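Geometric and topological summary
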There are 2 protein chains.
Amino acid sequence: MGRRIVIIGGVAAGPKAAARARRLDPGAEITVLERGPHASYGACGFPYYLSGRVKALDELMKTPSGKLRDRDYFDDVKDVRLLLRTEAVSIDRASKRVAVRNLETGETGTLPYDKLVLATGARPVAPPVPGMDRPNVFFLKTYEDARRLRAALDEIAELLRDKDIGGLQDARPLRAVVVGAGLIGLEVTEALRERGDLVTVVERLPQVLPPVDPELAGHLSRYADSQGVRILTGTSVEAIVGDGARATAVRTTAGELPADLVLVATGVRPEVALAEAAGLELGPSGAIRVDPHMRTSDPDIYAAGDCAEKVHVVSGKPCWVPLGSTANKEGRVAGTNAVLGDVDTFPGVAGSLVMRLFDLTVARTGLGEAEARQHGFDVLTALVVGGDKPHFMEDAAPILLKIVVDRGSRRVLGVQGVGRGDVARRVDAAVAPVSTGMTVDQVANLDLVYAPPYAPPMDLLLTAANAARNKLDGWASAVDPAAYREERRSGEPPVLVDVRSPAEHRALPFDGARLVPLGTLRARTDEIPKDRPVVLLCKIGLRGYEGQRILQGAGLDNVRFLEGGVVGWPYERPGP
Amino acid sequence: MGRRIVIIGGVAAGPKAAARARRLDPGAEITVLERGPHASYGACGFPYYLSGRVKALDELMKTPSGKLRDRDYFDDVKDVRLLLRTEAVSIDRASKRVAVRNLETGETGTLPYDKLVLATGARPVAPPVPGMDRPNVFFLKTYEDARRLRAALDEIAELLRDKDIGGLQDARPLRAVVVGAGLIGLEVTEALRERGDLVTVVERLPQVLPPVDPELAGHLSRYADSQGVRILTGTSVEAIVGDGARATAVRTTAGELPADLVLVATGVRPEVALAEAAGLELGPSGAIRVDPHMRTSDPDIYAAGDCAEKVHVVSGKPCWVPLGSTANKEGRVAGTNAVLGDVDTFPGVAGSLVMRLFDLTVARTGLGEAEARQHGFDVLTALVVGGDKPHFMEDAAPILLKIVVDRGSRRVLGVQGVGRGDVARRVDAAVAPVSTGMTVDQVANLDLVYAPPYAPPMDLLLTAANAARNKLDGWASAVDPAAYREERRSGEPPVLVDVRSPAEHRALPFDGARLVPLGTLRARTDEIPKDRPVVLLCKIGLRGYEGQRILQGAGLDNVRFLEGGVVGWPYERPGP
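Please read these numbers as outputs of a predicted model, since none were measured by experiment.

Criteria and thresholds
Residues numbered from 1 in each chain as written. Chains lettered and ligands numbered in written order. Predicted model: local features only at pLDDT ≥ 70, side-chain atom pairs only at ≥ 80, totals over all residues. Helix = DSSP H or I, 4+ residues; strand = E, 2+ residues; numbered from the N terminus. Rg over C-alpha atoms; globule rule 2.2 N^0.38 Å. Buried ≥ 20, exposed ≤ 12 C-beta atoms within 10 Å, placed from the backbone. Contact = placed C-beta atoms within 7 Å. Domains from an automatic or database assignment. Nonpolar A, V, L, I, M, F, W, Y, C, P; charged D, E, K, R; others polar. Least-squares fit on C-alpha atoms with pLDDT ≥ 70 in both. Arc of directions from axis to C-beta. Pairing = 2+ DSSP bridges. Core = buried A, V, L, I, M, F, W, Y, C linked by C-beta atoms within 7 Å. Axes fitted to C-alpha atoms, helices over the stretch in contact; angles between N-to-C directions. Parallel < 35°, antiparallel > 145°, perpendicular 65-115°, else oblique. Left-handed = near helix turned anticlockwise from the far one by under 90°. pLDDT = per-residue confidence, 0-100. Expected span 1.5 Å × (residues − 1).

1. Some remarks on the overall build of chain A
When helices and strands are counted, chain A shows 17 helices and 30 strands. Relative to its length of 576 residues, chain A is compact, with a C-alpha radius of gyration of 27 Å against a globular reference of 25 Å. Overall, the C-alpha framework of chain A stretches about 90 × 70 × 45 Å when taken along its three principal axes. By residue count, 56% of the 576 residues in chain A fall in the buried class. At a minimum sequence separation of 6, the contacts of chain A that also span at least 24 residues come to 63%.

2. A few points about the domain arrangement of chain A
Residue and element names in this part refer to chain A. In terms of domain boundaries, chain A breaks down into domain 1 (4-123 + 269-340), domain 2 (137-266), domain 3 (359-472) and domain 4 (478-568). Taking only C-alpha atoms, the centre of domain 1 and the centre of domain 3 are 35 Å apart. Contacts between domain 1 and domain 3 engage 4 residues on the former and 6 residues on the latter. In terms of residue class, the side of domain 1 that touches domain 3 is built from 2 nonpolar, 1 polar and 1 charged.

3. Some details on the relation of the copies chain A and chain B
Overlay of chain A on chain B (RMSD 0.0 Å): rotation 180°, translation along the axis 0.0 Å. These values place the two chain copies in the arrangement generated by a two-fold rotation axis. Within chain A, Ala429 of chain A has its C-alpha nearest the rotation axis, a separation of 2.0 Å. Most of the interface of chain A is mirrored in chain B, where 99% of its interface residues are also at the interface.

4. Observations regarding the interface of chain A and chain B
Between chain A and chain B, the residue contacts involve 70 residues of the former and 69 residues of the latter. Looking at the side of chain A that touches chain B, the elements that each hand over two or more residues are helix H1 (13-24), helix H3 (71-78), helix H8 (324-340), strand S21 (353-357), strand S22 (360-366), helix H10 (423-436), helix H15 (518-521) and helix H16 (542-553) of chain A. In terms of residue class, the side of chain A that touches chain B is made up of 39 nonpolar, 15 polar and 16 charged.

5. Some thoughts on H3 of chain A
Residues and elements named next belong to chain A. All buried positions along H3 are accounted for by Tyr73, Phe74, Val77 and Lys78. Buried residues in H3, looked at end-on, bunch into an arc of 100°, giving them a common side. Directly after H3, the chain includes Asp79, whose backbone phi takes a positive value near 55°.

6. Observations regarding unusual backbone geometry
All names here are of chain B. Backbone geometry places Lys96, a non-glycine residue, at a positive phi of 55°. Summarising the element assignment, Lys96 is placed in the loop between strand S4 (86-92) and strand S5 (97-102). A residue is classified by how many C-beta atoms lie within 10 Å of it, and Lys96, with 18 of them, is partly exposed. The backbone phi angle of Arg410 is positive, close to 60°, even though this residue is not glycine.

7. Points about the pairing of strand S7 (residues 115-118) of chain A
Residue and element names in this part refer to chain A. Neither face of S7 is open: one carries Lys115 and Val117, the other Leu116 and Leu118, and all of them are buried. One ladder, built from 4 bridges, connects strand S1 (residues 4-8) with S7; its direction is parallel. Across the sheet, Ile7 pairs through a bridge with Val117, a residue of S7. In terms of strand pairing, S7 meets strand S18 (residues 301-303) through 3 bridges, oriented parallel. By the bridge assignment, Leu116 is partnered in S18 with Ile301.

8. Here we look at the nonpolar core
Val262 of chain A together with Val262 of chain B are the most contacted members of the largest nonpolar core, which totals 385 residues. Every residue in contact with Val262 of chain A, bar those within four places of it in the chain, is listed here: Asn136, Val137, Phe138, Val177, Val179, Ile240, Ala247 and Val250 of chain A.

9. Some remarks on the packing of H10 of chain A against helix H10 (residues 423-436) of chain B
The geometry of H10 of chain A relative to H10 of chain B is characterised by a closest axis approach of 8 Å and an angle of 20° between their N-to-C directions. Looking at the two axes, H10 of chain A sits roughly parallel to H10 of chain B. The two elements H10 of chain A and H10 of chain B cross, and the hand of that crossing is right-handed. Where H10 of chain A abuts H10 of chain B, its residues Ala424, Arg425, Asp428, Ala429, Val431, Ala432, Pro433 and Thr436 of chain A lie against Ala424, Arg425, Asp428, Ala429, Val431, Ala432, Pro433 and Thr436 of chain B. Split into classes, the residues belonging to the contact of H10 of chain A with H10 of chain B amount to 10 nonpolar, 2 polar and 4 charged.

10. What about the sheet that holds strand S13 (residues 237-243) of chain B?
The strands that make up a sheet pair up through hydrogen bonds in the backbone, lying either parallel or antiparallel. Residue and element names in this part refer to chain B. Pairing in this open sheet of 3 strands is antiparallel, and the strands run S13-S14-S15 from one edge to the other. Strands at the two margins of the open sheet, each flanked by one partner only, are S13 and strand S15 (255-258). Averaged over neighbouring strand pairs, the angle between their axes works out to 30° when direction is ignored.

11. Brief notes about the confidence of the model for chain A
Of all residues in chain A, 99% have pLDDT values of 70 or greater, and the mean over the chain is 96. Interface confidence for the predicted complex, given as ipTM, is 0.97, next to a pTM of 0.97.

12. Digging into helix H5 (residues 183-195) of chain A
The periodicity of an α-helix, 3.6 residues per turn, causes residues three or four positions apart to be oriented the same way. All names here are of chain A. Along its 13 residues, H5 runs 19 Å from first to last C-alpha, staying within 8% of the 18 Å computed at 1.5 Å per residue. Most of H5 sits inside the fold, with 10 of its 13 residues counted as buried. Burial in H5 covers these residues: Leu183, Ile184, Gly185, Leu186, Glu187, Val188, Thr189, Glu190, Ala191 and Leu192. Looking at the buried side of H5, the elements it contacts are helix H2 (46-50), strand S10 (175-179), strand S11 (198-202), strand S16 (261-264) and S21. Positive phi shows up at Gly196, right after H5, with a value of about 105°.

13. As for the sheet that holds strand S27 (residues 495-498) of chain B
All names here are of chain B. Ordered in space as S26-S30-S29-S27-S28, the 5 strands form an open sheet in which the pairing is parallel. Looking at which strands have only one partner, the edges of the open sheet turn out to be strand S26 (478-479) and strand S28 (514-515). Pairing geometry for strand S29 (residues 534-537) and strand S30 (residues 559-562), over 3 bridges, is parallel. The residue of S30 that forms the bridge with Val534 is Val559.

14. Here we look at the environment of Phe138 of chain A
Residues and elements named next belong to chain A. With respect to the secondary-structure elements, Phe138 resides in strand S9 (residues 137-138). Sequence separation between Phe138 and Ala152 is 14 residues, and the spatial gap between their C-alpha atoms is 9.4 Å. The contacts of Phe138, once residues within four sequence positions are left out, are Asp145, Arg148, Leu149, Ala152, Leu261, Val262, Leu263 and Val264.

15. Quick notes on the pairing of strand S14 (residues 246-252) of chain A
All names here are of chain A. Bridging between strand S13 (residues 237-243) and S14 involves 6 bridges; their strand directions are antiparallel. When the bridges of S14 are listed, Asp243 appears paired with Arg246. Linking two consecutive strands that pair antiparallel, namely S13 and S14, is a turn of 2 residues; a positive phi of about 75° is found at Gly244 within it. Of the pairings in the sheet, the one linking S14 to strand S15 (residues 255-258) comprises 4 bridges and is antiparallel in character. When the sheet's bridge partners are listed, Val250 is paired in S15 with Leu257. The hairpin formed by S14 and S15 contains 2 residues between the paired strands.

16. As for the packing of H1 of chain A against H8 of chain A
All names here are of chain A. Here H1 crosses H8 at 40°, and the two axes come no closer than 7 Å. Taken as axis vectors, H1 and H8 run oblique relative to one another. Of the two possible hands of crossing, H1 and H8 adopt the one that is right-handed. Counting all contacts with H1, which are made through Ala13, Gly14, Lys16, Ala17, Ala18, Arg20, Ala21 and Leu24, the residues of H8 involved are Ala327, Asn328, Glu330, Gly331, Arg332, Ala334, Gly335, Thr336, Ala338, Val339 and Leu340. For the contact of H1 with H8, the residue count by class is 10 nonpolar, 5 polar and 4 charged.

Now the structure itself:
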């Protein structure tokens, strides 16, 4: 008999570990336990099923060639025994057995293992407020959650349409309240808006999408607003109130929000109960502690995916970032090592993330600014705005990039971006640099691909690195939007000088700036006050920097430029 | 008086060096000499002006905020003296003077310098055949070239339309022959096709776009063909023949091709005459030898852009790759060092390239397969095909990636891709890994961004790395398309077994393969011949690999799968 590999959890890391183990060991006896009625599905696709872009939910459970990954598939193609609706009740590490129970029949039994892989995933958490159990309050974690939510959306929308019969006043779109402005909350917001629903998003923190820095979140919020989404940050949910059983409103610190339906997306936590009960060590993140081989504190037990702790490759510290991509990589490593012994390693995550919100992309890798400071780095940041292609290409679109650098080592700690342009490519290009500790000087000279349909000759990632170098080396004196906003609120705000063209100045006035176009600046340096701090303003920051160098060359030493210019300004624009 | 910096060449590297030097030294006296009547333009945008996507040629000479980079702009904004139509005749290195001549007035003079930057660029080369001087034979290098070519296209098309008056038979599209299927030749081909012109491309080499490997070029050629472009590879031009002065046809080794217009795009060579005459060293590539500071053999003379030799960061060897992106980076380094002394360095290029051909993208970085062998690496490659997004996303599109690896060190030497999907992002993500010598094992675990609108959970770059690892570690036994094609032509071709579904097998039959769907393979291993080599076929290579592991598990040891499957097959598909 072959080695017995038991895998607990059948969504992402589990099936991956099973498939890999099978390919390496045709003789192994591989069993996957899954509590739910479905396995091996793409949970990240749920929002696109809700919006209707994915026509049928089982598309998410098919192979790229269209085959459903059901029990027969696992049997015939993978030669893996898949036990659905089967719960792992406990692990007896001494005798190397898992006690299982069939959730349909109540039948119990034990499964002996030589190697065990825990892929128990994560579970959603909800704010501890009343009303969470109302029938039209939803989570979006499992296949069944997605099915139920979509059915409810369709049903309520249908009911609201039916009201049309009673008179024009009665027909109205569905009103949804999304609690939590993280990745899932915003993805579902996009989906609901695409359906035509009215969405209000409630977020306890002062910004949306907490993994990105506040400037980027500001752009996201303003953009969501332009798409008819109401975003309430710094707002806590107090209760979900109703008319009988059904929720009709969400009571928040910003008032009561009427709701036909509520989605709670306030995050997830690693599912570690089974591991904890078996005496396996947890890490500081609360997830199962693993070594680089994905091995838990028990040498015969691996953990992979959302239930496992990760190492952050930039900070070197333990962290927990649940993500389908990581689950697949870790599952592969666990599957390999379960068969071959500990020959493969997983180096960790870089905190990479990407999200689409309508036409906007936001992405990040590495450490954010605050995060980098928390880890003790001496942080310098640069913010740049530019086209994702040369401006003469018809589909060029602006993007904003922020780079986070360690001053001493000049190492790039993180890169984030937002915009209608191709942000994902620039962030992906930064993943290896951030993961391997490349310096801004190295990144600035990366030979990224170049042709007008794809990028300007100086890709914005390189420009961001150069902007950071200019600041590190003392050539550029910049003020970022948040700092400028603080200063202008202070007793003695800086003098703002607009170095754009008169036409641009008129079209998009900003904070009462006085106009001195860049081309005239050399001749008009005497008009620039020498006794007060001066901030130069332009469209994206480029001419501001140029102007700063001109004025410094003329002996003015208290001149800075506004990073990102008018386009990069993440707040409401202070008008004329 | 400030330091005198003279820059010869005003297109890309020159203006960049000037701008950088100015920002670092407000007191310097900076002069840029340009032989042509225009400076600081985006020559890479010419094809998009030809197609009409860029409305006016001077768009390519504007800043992102719409200001024309003319002499006034250089004066007012940059405080740089721009001398147009001014030729540098010779360099007297002993007295540090450049002899110049105004090409309009014939006036001559000398310009003293403290630091000199050579940014003389490249010049087009043409096959040494008769007829190259005919008036409707064009090159596309300078601003004036672009203007003349576009005017000629418009004029000829107009004439051909006018023929309509004489009868339906007479009206016909413009027939263009493009000599050379490199980057420029293919970009112009796309532009002409978009105009509605008929294009024939003549290429001396056996494939289009020589910087990419033959498999990728095969996909490009087949795609160009599907777009109505006639591609003649392995075909040499013998003469451009005409009716009087005008060319009417291109005589080639494949016959005479009627032509209303001919574009010669057979490559460029570094423009080094001035440097050579001044006794500066050239490198083995024929370009000006520079050190990492972009300094020539004369410590007061820098060279940057297309006239300068580069180091390839993967091979460590000198090379020459003319590209606007590199010119900008090198110009910045030269500008910095001309002011500050040799504080900045340029590490070299990675041979990165991207091109769009209608809806297809082709891109590469690092070394190609043949190139890697030439440099003495013990090469292993892997070819993978997959979606750029999960298959359930409506805009998912397939891409093919090829990864080139050094067996011993497991280092990734190069990555190339082609497809309708987002190839550029995957190649850009590979630039830093290739440049820093990351291994396939490291690349396989990169935390690339993941969300369904952007990527599948296992990005294809990671899949390519894993495919290479599977081959390196002996798990995968693959045959690539070229090798399979050779084998099937041999006396004893392998037995081809199709592990796709019956429906796929019927829809896209391939080379008489016998059908054994993957799900039935375990039960039917006895049907697979044991005495002959077996190759498994599927759609993209994934099920083929799975099948190979199944059959090897059943004791069959002469089984391989066809890399890339039917979708990755770059040649004409051998039917049923």
